[in-house]
Amino acid sequence: EKKLGGVRSTLLRVGVGAAAGFAVKTAASFEQTQLRLQLLSKEYGEFDRIQKLVAQNAETFNQSQRESAENFANVYARLRPLGKTLTEIQTTYEGFNAVAIASGASAQEASSAFLQLSQALGSGRLQGDEFRSISEQVPGILKLVSDELGVTVGELKKLGSEGKITSDVLINALAKGFDQN
């Protein structure tokens, strides 16, 4: 029984140590994201507004502050330098998340699809692997895009390969995503 108590004590220390390590990594990651957002927004003087949006988004979409900040930073980094306003960026973020929830995407699927979306927005078009990933993980986005372009969902793959699903098309489509979902 004495050995069993020692094993329990050791396991407890290991578990507490692992939990503490995870907490430290999470805090460091959040601080890095905050610094990234601060640097990205410095030129525009929007850091305080971004902080409020990140907190609002975390609450609205049941995300952690870290997750909300990381996802917002990804789309902000790609769209703000292209001249998109903070309002357009927020609308894109809200629309995507509303559609992801309505599509029944898991947190992992939504996160992966959001990364693909932010890459597509940064490159100026949705095509190839980004199109495939989004269509598999958050298919509701395709309905918004097809409505925006006035075509069927089945026609989107061809339009994507032709580079016709542009960032502007995606932003306009996602702007309607929050209200529709």
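Our structure is the block above this text.
Residues numbered from 1 in each chain as written. Predicted model: local features only at pLDDT ≥ 70, side-chain atom pairs only at ≥ 80, totals over all residues. Heavy atoms only, no water.

S.K.: Which residues make up unusual backbone geometry, and what values do they have?
M.R.: Of note, the phi angle at Asn62 is positive, near 55°, even though the residue is not glycine. Residue position: Asn62 is located in the loop between helix H2 (47-60) and helix H3 (65-79). The class of Asn62 is exposed, set by a relative accessible area of 72%. (Helix = DSSP H or I, 4+ residues; strand = E, 2+ residues; numbered from the N terminus. Buried < 20%, exposed > 50% of the residue type's maximum accessible area, 1.4 Å probe, protein only.)

S.K.: Lay out the layout of surface pockets with the relevant residues and their values.
M.R.: As a volume, the largest pocket reaches approximately 200 Å³. In terms of lining, the largest pocket is formed by 15 residues, of which the most central are Gln63, Asn97, Ile101, Ala107 and Ala110. Looking at the lining of the largest pocket, the elements that each hand over two or more residues are H3, helix H4 (86-103) and helix H5 (107-123). (1 Å grid on protein atoms, 1.4 Å probe; cavity = no way out; pocket = protein on both sides within 12 Å on 5 of 7 lines; lining within 4 Å. Points joined across faces, edges and corners; volume = space filled by probe spheres on them.)

S.K.: Quick one: what's the story with the nonpolar core, residue by residue and with numbers?
M.R.: In this structure, Phe72, Phe96 and Ile165 are the most contacted members of the largest nonpolar core, which totals 41 residues. The set of elements that each furnish at least two residues to this core consists of H2, H3, H4, H5, helix H6 (128-137), helix H7 (140-149), helix H8 (156-161) and helix H9 (167-180). (Core = buried A, V, L, I, M, F, W, Y, C linked by side-chain atoms within 4.5 Å.)

S.K.: Break down the side chain of Arg80 for me, with residues and values.
M.R.: Topologically, Arg80 is positioned in the loop between H3 and H4. Aside from chain neighbours lying at most four places away, what touches Arg80 is Tyr44, Glu46, Thr85, Leu86 and Ile89. (Contact = heavy atoms within 4.5 Å.)

S.K.: Break down the packing of H5 against H9 for me, with residues and values.
M.R.: Axis separation between H5 and H9 bottoms out at 8 Å; the angle between their running directions is 135°. Considered as vectors, H5 and H9 are oriented oblique to each other. Between H5 and H9, the contacting residues are Leu117, Ala120 and Leu121 on the first element and Ser167, Leu170, Ile171 and Leu174 on the second. Across the contact of H5 with H9, the residue classes tally to six nonpolar, one polar and no charged. (Axes fitted to C-alpha atoms, helices over the stretch in contact; angles between N-to-C directions. Parallel < 35°, antiparallel > 145°, perpendicular 65-115°, else oblique. Nonpolar A, V, L, I, M, F, W, Y, C, P; charged D, E, K, R; others polar.)

S.K.: So what about the pattern of salt bridges? Which residues, and what values?
M.R.: As enumerated under the stated definition, the model contains nine salt bridges in all. Measuring nitrogen to oxygen at the nearest pair gives 2.5 Å for the salt bridge that ties Asp168 to Lys84. One end of the pair, Asp168, is in helix H9; the other, Lys84, is in the loop between H3 and H4, with 84 residues separating them in the sequence. Look at Lys84 and you get buried, because its relative accessible area is 15%. Ionic pairing is found between Arg132 and Asp129, a salt bridge with its closest N-O pair at 3.9 Å. With Arg132 and Asp129 both in helix H6, this residue pair falls three residues apart, about one helical turn. Members of the salt-bridge network, linked through shared partners, are Asp129, Arg132 and Glu136. (Salt bridge = Lys/Arg side-chain N within 4 Å of Asp/Glu carboxyl O.)

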